[in-house]
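Residue-level structural notes
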Amino acid sequence: MTLLAVETSCDETSAAVIRDGRVLSNIVSSQIRLHAEYGGVVPELATREHLRHWLPVTQAALRAASVTPAHLEAVAATQGPGLPNALMVGFKAAQALAFALRKPFLGIHHHEAHLYSPWISGDPPAADFAAFEPNVSLIVSGGHTMLVHVRAELDHQILGSTLDDAAGECFDKIARLIGLPYPGGPELDHLAAEGNPAAHDFPRPLLRELNDDFSFAGLKTSVRYFLQKNPALLEDGHHLRDLCASVQAAIVETLVTKTLRAARRLGVRCVTASGGVTANRSLRAELAAACAREQLTLRLAANTLCADNAAMVGILAERKLRHNVPATEGDAEIEPRWALS
Ligand code: KG4
Ligand code: ZN
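Here we summarise the structure given alongside this text. What you see is a predicted model; the values in this text were computed from it and never measured.

Turning next to the packing of helix α5 (residues 167-178) against helix α8 (residues 237-266). Following both chains from N to C, one finds α5 and α8 inclined at 165°, their axes separated by 11 Å at the closest point. If you check the angle between α5 and α8, you find them roughly antiparallel. Seen from above, α5 lies across α8 with right-handed handedness. Across the interface between the two elements, Ala167, Cys170, Phe171, Ile174 and Ile178 of α5 pack against Leu240, Leu243, Cys244, Val247, Gln248, Ile251 and Leu255 of α8. Residues of the contact of α5 with α8, tallied by class, amount to eleven nonpolar, one polar and no charged.

Before going further, it helps to examine the site of ligand 1. In the vicinity of ligand 1 there are 18 residues, among which Gly142, Asp172, Asp189, Gly276 and Asn280 approach most closely. A distance of 3.3 Å separates an oxygen atom of ligand 1 from a polar backbone atom of Gly143. Contact distances for ligand 1 include 3.3 Å between an oxygen atom and a side-chain N or O atom of Asp308. About the coverage of ligand 1: the protein hides 85% of its 550 Å² of free accessible area. Mapping ligand 1 onto the cavity grids shows that it belongs to the largest pocket. Looking at the shell around ligand 1, its residues break down into six nonpolar, nine polar and three charged.

Moving on, we come to the packing of aromatic side chains. Given two aromatic rings, one states the distance between the centres and the angle between the planes to describe the pair. A complete count under the given rule lists five aromatic pairs for this structure. For the ring pair Phe91 and Phe105, a centre distance of 5.2 Å and an interplane angle of 70° mean the geometry is edge-to-face. Here Phe91, found in helix α3 (residues 84-101), pairs with Phe105, found in strand β5 (residues 105-109); they are 14 residues apart in sequence, far enough to count as distant. Judged by its relative accessible area of 5%, Phe105 is buried. Over the ring of Phe214 we find Lys258, and its NZ or CZ is 5.8 Å from the ring centre.

Of the voids in this model, the largest pocket is the one considered here, and its volume is about 1,200 Å³. In terms of lining, the largest pocket is formed by 45 residues, of which the most central are Ser141, Gly142, Gly143, Asp172 and Tyr182. Of all the secondary-structure elements, those providing two or more residues to the lining of the largest pocket are β3 (22-30), α4 (110-116), α5 and α6 (184-192). Top element by residues in the lining of the largest pocket is α5. It accounts for seven residues. Class assignment of the residues belonging to the lining of the largest pocket gives a composition of 18 nonpolar, 19 polar and eight charged. What the second largest pocket holds in volume is close to 260 Å³. Together, 16 residues line the second largest pocket, and Ala249, Val252, Glu253, Ser282 and Glu286 are the ones closest to its centre. The set of elements that each furnish at least two residues to the lining of the second largest pocket consists of α8 and α9 (281-293). If one sorts the elements of the lining of the second largest pocket by residue count, α8 sits on top with eight residues. Across the lining of the second largest pocket, the residue classes break down as eight nonpolar, four polar and four charged.

The rules behind the values
Residues numbered from 1 in each chain as written. Chains lettered and ligands numbered in written order. Predicted model: local features only at pLDDT ≥ 70, side-chain atom pairs only at ≥ 80, totals over all residues. Heavy atoms only, no water. Axes fitted to C-alpha atoms, helices over the stretch in contact; angles between N-to-C directions. Helix = DSSP H or I, 4+ residues; strand = E, 2+ residues; numbered from the N terminus. Parallel < 35°, antiparallel > 145°, perpendicular 65-115°, else oblique. Left-handed = near helix turned anticlockwise from the far one by under 90°. Contact = heavy atoms within 4.5 Å. Nonpolar A, V, L, I, M, F, W, Y, C, P; charged D, E, K, R; others polar. Near = heavy atom within 4 Å. Polar contact = N/O pair within 3.5 Å; in protein donor to acceptor, adjacent residues only side chain to side chain. Areas by Shrake-Rupley, 256 points an atom, 1.4 Å probe, with all protein chains shown as cover. 1 Å grid on protein atoms, 1.4 Å probe; cavity = no way out; pocket = protein on both sides within 12 Å on 5 of 7 lines; lining within 4 Å. Sits in = over half its atoms within 2 Å of the grid points. Phe/Tyr/Trp six-rings, centres within 6.5 Å; stacked < 30°, edge-to-face > 60°. Buried < 20%, exposed > 50% of the residue type's maximum accessible area, 1.4 Å probe, protein only. Lys NZ or Arg CZ within 6 Å of the ring centre and 35° of its normal. Points joined across faces, edges and corners; volume = space filled by probe spheres on them.

See the structure below:
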């Protein structure tokens, strides 16, 4: 099956062509530089950029896959959750295209797309659902942090999620306190690589609680007070790197410990992770080390598929159609606050 997928839920305009589980093309136009000036995503600007870019990005994806609209057998788009007007651009455009082509249309849940993205690997990327095994999955992005029990393909249950800030948001807010540009996660990762993670002992929120929820707002506050008491630390590159490494260690230890604990409790032999923060090198390394210790299989979203992209949306949509999930109604609307169920 040849399928076109579109993703516009936040600040990436993306289109991908999928054929029989293979990613033929995956074009991503990121707005990060535009929003950086404002220190975060500005919804109106995001919408304007999606309106400007969805057609050229879609044309580029079709061209890169050597596919014309006439070849398409289905169309998919992110239906939610996300910024309402941003979602609307890609969802309505894709829905209209499916209508014009008289092909099935599928609205996809953004987090569900992240959830299955670790099963896409290789170059060119392809889905490897033949290797699927029940797993505990960590989804970590700028807006969400959650642990999910994936019992079987397309059968999952949320175990816990963040009570306040998401892990990515925590990275970004602390990076901002330190004076790093938006989005701070990658910058902090970069500086932390040369710092000492044991230099400062920041709180590991909810680490000792035997639930699967997260809370990162307290960590951010604790770093803010720490910086108020020790402003000179920001003046010195060496101290700054130690600070970044210590903050990162607190976030990573919390994520890894809770993920592994859930896997142990549920008796799964596989752990997966996806979302923007999965690009963090320390998180990747610590998850790998912990899974190796406990002889668990680890599947991390490929570096190119951690951030938002249409390939993961298309792979999931094709999989759903193969599993006879009914197409989305022609008059369906976006679901900006859609909860993963
Ligand atoms: O999944 P994503 O691209 O967008 C959302 O759906 O939110 O995630 C973006 C988040 C941002 O908070 C960004 O700072 C964080 O992922 N991020 C990182 C790294 N790369 C991206 N955080 C820590 N280390 C990184 N290397
Ligand atoms: Zn995302």
